[in-house]
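# Commentary on secondary and tertiary structure
Below are the chains, spelled out letter by letter.
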There are 2 protein chains.
Amino acid sequence: MLSKKYRAMLGKGSVIMELSAFANARAREIGAENVFDFSLGNPSVPAPGAYDERIASLLKSEPGKAVHGYSQGLGNREAREKIAASLNRRFGMNYDPDDLFMTCGAAGALAHAIRLVTEPGDSVLTFAPHFPEYAPYVTLADRRLDVVPAREEDFQIHFDALEEIMRPGVQAVLINTPNNPSGAVYSAETLKKLADFLLRKEREYGHELWLISDEPYREILFDGIRQAYPARFYPRTLSCYSFSKSLSVPGDRIGYLAVNPACGESRAAARMAAQISRGLGHDSAAALMQRAAADCCDLTADFSVYERNMNLLYDELTALGFSIVRPGGTFYMFPRSLEPDAGEFCRKAMKYDLVLVPSDSFGVPGHFRIAYCTETAKVERSLDAWRRFVKTEY
Amino acid sequence: MLSKKYRAMLGKGSVIMELSAFANARAREIGAENVFDFSLGNPSVPAPGAYDERIASLLKSEPGKAVHGYSQGLGNREAREKIAASLNRRFGMNYDPDDLFMTCGAAGALAHAIRLVTEPGDSVLTFAPHFPEYAPYVTLADRRLDVVPAREEDFQIHFDALEEIMRPGVQAVLINTPNNPSGAVYSAETLKKLADFLLRKEREYGHELWLISDEPYREILFDGIRQAYPARFYPRTLSCYSFSKSLSVPGDRIGYLAVNPACGESRAAARMAAQISRGLGHDSAAALMQRAAADCCDLTADFSVYERNMNLLYDELTALGFSIVRPGGTFYMFPRSLEPDAGEFCRKAMKYDLVLVPSDSFGVPGHFRIAYCTETAKVERSLDAWRRFVKTEY
């Protein structure tokens, strides 16, 4: 019989997908250029030219079996060597290539990380606002997702709320910095304080706690802000990465899980991830893409358009009276909505062809997400719609 | 804490990987050309030139977002249209593109299929000899794998044994034709008889039964044999496919799950597969590869080398006294070993630098698998080793 559990999920659909469907329907009526679709976090800038060139040159220069053959269990060895070397150089880490497991994007890395350090019934704790997909990632693995309320003044960690919610059933803590949807960048101080908290709770509970760090926006940073590397602060860290945003290749599904060698059993953990893969049917990412991405792992797409868009929107919206935590990175911002019901606010915005995502699925009421990974010209054209929207409705 | 379940799997390792490690070590001693490694099912023929050309031309001619952007939830629409049209034309099916869900190879398709039609605790029934990975695929999803003993005279289905083992806890039946490891091709008669059996058991049990058909070797056929399309015989069929073997691109991880529209709810089932994906962290295959594979879905690599190798080995080994079911396809054969203990037999073969896989992990005693996806010259050079092996040891 078709599974009841997954059938029940069909009715629901994601709010983001619904909004996107509205935006597409409206685009057919008035032209896509007139719909200000800020709903989807789909990178808009081109991949670095070197990435496409590398794929083309691998196809040309290598025998088919080398290019199209199976990867090793942990993923292509050469790719893991290059990525480990880059992480070691950039973040002062000490990864061995065998501490890395190549995955289909960050989603793949998280699926493995969750199963690696928690058992069914355990809790994974995360912080609002959070990527809505964390809920299915965790609950479909038969774990429970606990959410710590947001610290709304800066979207760093609300440590008092964390202290209150933390309990022995929590086995892993999931962070995402730079953060989707807020654009907040956790400071070194936040990461240090979190590490101290986890070490203290490990002693108190008498069991290990693991930090799962979801880092697909690691390189998209504004205003010269730097992102401290979470694993530097805590030994039992699983860093989950995707090249989807850094190289602007989300369809290529390339990422990795990197186990901090300071945990003392990183190689076993990486090999366990490969075992987990047998059950998930995941079995590594496309070998050709692994190699091309690794060869470009010190490059990024040109993110200046995201920063330009952020500045345009931040300046206009604050002038219109919005309260916004200024993003330190990503291509999102998360202003407070102008009425408490974020859904109602976003519905009204649609009348002005502004497609925004209400905050509820991010675990915070009364906010909305703007994904400004779009051309700057469109952001500029949207400013008039923002002004009309706010002046007419509020 | 690192998962006990997956840590326990580390000790075991697969027999095939162990053998492969032996072969690699021996290759360093005496040269790879002198080690007759028949252990790994890693396609050796080149991909069709059109496949590489298509990747290169997509990279050149399309805007980055079209090539490297996210796929739709079910996978790239254009790819699904082309594949559905090909299946409809070749096998008289009636697939809608929305009956298909693109996956990372057949492993990905099976992971979704299992979760789509069974619940934790249910049984999936398969037939010996079977691909050893079926055991982790099923048991890591918290399902149970029941195995019907082999019909050793031709490796078709042993229906008396099936009747005996079948029970109401079975919710899905998993077949693999052409078969790894035997090379057997299920006849139309076998498939018809299986369908009748399933329909009868559905009435008897009062619940649906699903057929999961694993078909990565679908196009590798010898002696002009044709493979009947399993879904033609049974409405509730999930066809799991991979381009790994047909296009000789196993590292590219492209496959699909096709739900037979005759089941009456194929579109819902495909959409449920996309929901399952959220929990598995699978999230579709590389978009570029989906498109290139779909554009080449009526092509195959040149399989004549596999047929040539099969004939060489079949003739020599039968002359040496081996009892072998002549393969109808794949790049495997599965002779009876010359002593009852297949492990001991394969250990002795190693002395002659013949690397073979004992049959126990395939669910059958007293046989061994030869994977002859290698150059014909090497197969020819191996014949002397076979002769020395048999004459000295038996």
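Residues numbered from 1 in each chain as written. Chains lettered and ligands numbered in written order. Predicted model: local features only at pLDDT ≥ 70, side-chain atom pairs only at ≥ 80, totals over all residues. Heavy atoms only, no water.

Here we take up the side chain of B:His367. Counting through the fold element by element, B:His367 comes out in the loop between strand S11 (357-358) and strand S12 (368-371). At a separation of 2.9 Å, a polar atom in the side chain of B:His367 contacts the main-chain carbonyl oxygen of B:Pro365. (Helix = DSSP H or I, 4+ residues; strand = E, 2+ residues; numbered from the N terminus. Polar contact = N/O pair within 3.5 Å; in protein donor to acceptor, adjacent residues only side chain to side chain.)

Turning our eyes to something else, we now look at the sheet that holds strand S7 (residues 237-242) of chain A. All names here are of chain A. Spatially, S2-S8-S7-S6-S5-S3-S4 is the arrangement adopted by the seven strands of the open sheet, whose pairing is mixed. Bordering the open sheet on either side are strand S2 (100-103) and strand S4 (144-148), each of which pairs with just one other strand. On average, each strand axis in the sheet is tilted by 20° relative to the strand beside it, whichever way the strands run. For strand S3 (residues 123-127) and S4, the ladder comprises five bridges, and the chain directions are parallel. Each bridged residue has a counterpart across the sheet, and for Val124 the counterpart in S4 is Leu145. Where helix H5 (residues 77-91) meets the sheet, its contacts fall on S2 and strand S8 (255-259), and the angle it forms with S2 comes to roughly 115°. The sheet strands contacting helix H9 (residues 188-205) are S3, strand S5 (170-176) and strand S6 (210-214), and the helix crosses S5 at an angle near 175°. (Pairing = 2+ DSSP bridges. Axes fitted to C-alpha atoms, helices over the stretch in contact; angles between N-to-C directions. Contact = heavy atoms within 4.5 Å.)

Let us now look at the relation of the copies chain A and chain B. The two copies are related by a screw operation: chain A maps onto chain B through 180° of rotation and 0.0 Å of translation along the axis, at an RMSD of 0.0 Å. Within this description, the copies of the chain are treated as partners about a two-fold rotation axis. Taken as a fraction of all interface residues of chain A, those also at the interface in chain B reach 98%, which identifies the copy contact as same-surface. (Least-squares fit on C-alpha atoms with pLDDT ≥ 70 in both.)

Our focus in this paragraph is the nonpolar core. With 76 residues, the main nonpolar core has A:Ile212 and B:Ile212 as its most contacted residues. Setting aside chain neighbours within four positions, we find A:Ile212 in contact with A:Leu110, A:Ala113, A:Ile114, A:Val117, A:Ala172, A:Val173, A:Leu174, A:Ile175, A:Leu238 and A:Cys240. Formed by 68 residues, the second largest nonpolar core is a distinct cluster that contains A:Leu100, A:Tyr241, B:Ala47 and B:Cys296. (Core = buried A, V, L, I, M, F, W, Y, C linked by side-chain atoms within 4.5 Å. Buried < 20%, exposed > 50% of the residue type's maximum accessible area, 1.4 Å probe, protein only.)

Within the secondary structure layout, B:Leu140 lies in the loop between helix H7 (134-139) and strand S4 (144-148). Along the chain, B:Leu140 and B:Ala111 lie 29 residues apart, while their C-alpha atoms are 9.8 Å from each other. B:Leu140 has contacts with A:Gln275, A:Arg278, A:Gly279, B:Lys5, B:Tyr6, B:Met9, B:Arg115 and B:Ala135, leaving out every residue within four places of it along the chain.

So, on to the packing of helix H6 (residues 105-117) of chain B against helix H11 (residues 266-280) of chain B. When two helices pack together, their arrangement is given by the angle between the helix axes and by the axis-to-axis distance. All names here are of chain B. Remark: H6 packs on H11, axes separated minimally by 9 Å, with the N-to-C direction vectors making an angle of 110°. Relative to H11, the element H6 is oriented roughly perpendicular. In this structure, H6 meets H11 at a crossing whose hand is right-handed. Along the contact surface, H6 presents Ala111, His112, Arg115 and Leu116, while H11 presents Ala269, Met272, Ala273, Ile276, Ser277 and Leu280. (Parallel < 35°, antiparallel > 145°, perpendicular 65-115°, else oblique. Left-handed = near helix turned anticlockwise from the far one by under 90°.)

All names here are of chain A. One can find Arg143 in the loop between helix H7 (134-139) and S4. A distance of 2.4 Å separates a polar atom in the side chain of Arg143 from the backbone oxygen of Thr118. Within the structure, the side chain of Arg143 is placed 3.4 Å from the backbone oxygen of Glu119, a separation counted as a polar contact. In contact with Arg143, other than residues within four places in its own chain, are Ile114, Arg115, Thr118, Glu119, Pro120, Gly121, Asp122, Val124 and Val138.

All names here are of chain A. Relative to the 21 Å expected for 15 residues at 1.5 Å per residue, H5 spans 21 Å between its end C-alpha atoms, a close match to the ideal helical length. Taken as a whole, H5 has its buried residues at Ala79, Arg80, Ile83, Ala84, Ser86, Leu87 and Phe91. For H5, the buried positions fall inside an angular range of 160° around the axis, keeping them on one side. On its buried face, H5 is in contact with S2, helix H10 (243-246), S8 and helix H12 (287-295). One side-chain oxygen of the residue at the start of H5 lies 3.1 Å from the amide nitrogen of Glu78, identifying that residue as Asn76. Downstream of H5 by a residue or two, Gly92 has a phi angle that is positive, lying close to 65°. (Expected span 1.5 Å × (residues − 1). Arc of directions from axis to C-beta.)

Moving on, we come to the environment of A:Lys4. Residue and element names in this part refer to chain A. Inspection of the secondary structure assignment puts Lys4 in helix H1 (residues 4-12). Looking at Lys4, the relative accessible area reads 60%, which means it is exposed. Counting along the chain gives 135 residues from Lys4 to Thr139, while the straight-line C-alpha distance between them is 15 Å.

The strands making up a sheet associate through backbone hydrogen bonding, with each pair oriented either parallel or antiparallel. All names here are of chain A. On the basis of which strands lie adjacent, the open sheet formed by three strands has the order S9-S12-S11 and antiparallel pairing. Every interior strand has two partners, whereas the edge strands, strand S9 (332-333) and strand S11 (357-358), have only one. Looking at chain direction, S9 and strand S12 (residues 368-371) are connected through two bridges and run antiparallel. Among the inter-strand pairings, Met333 is bridged to a residue of S12, identified as Ile370.

Turning our attention to the state of the cysteines. According to the stated counting rule, one finds zero disulfides over all chains in the structure shown. B:Cys104 supplies the cysteine sulfur nearest to A:Cys104, a cysteine that is in no disulfide, at a spacing of 3.7 Å. What makes A:Cys104 buried here is its relative accessible area of 2%. Between B:Cys263, a cysteine without a disulfide, and B:Cys240, which holds the nearest cysteine sulfur, the sulfur-to-sulfur distance is 13 Å. With relative accessibility at 14%, the residue B:Cys263 sits in the buried group. (Disulfide = S-S within 2.5 Å.)

Here we come to the interface of chain A and chain B. Every contact between the two is made by 65 residues of chain A and, on the other side, 64 residues of chain B. When chain A packs against chain B, the two sides together hide about 5,700 Å² of surface, and 57% of this comes from carbon and sulfur. At the junction of chain A with chain B, the criterion picks out four salt bridges. Among the ionic pairs, A:Glu133 bridges to B:Arg278, the shortest N-O distance being 2.6 Å. Broken down by element, the residue count for the side of chain A that touches chain B peaks at nine residues, all from helix H11 (residues 266-280) of chain A. (Buried area = accessible area lost by both parts, 1.4 Å probe. Salt bridge = Lys/Arg side-chain N within 4 Å of Asp/Glu carboxyl O.)

Now for the pairing of S12(A). Residues and elements named next belong to chain A. Covered by surrounding structure in S12 are Phe368 and Ile370 together with Arg369 and Ala371, the residues of both alternating faces. In terms of strand pairing, S11 meets S12 through two bridges, oriented antiparallel. Across the sheet, Val357 pairs through a bridge with Arg369, a residue of S12.

Read these as spatial facts, not as claims about activity.
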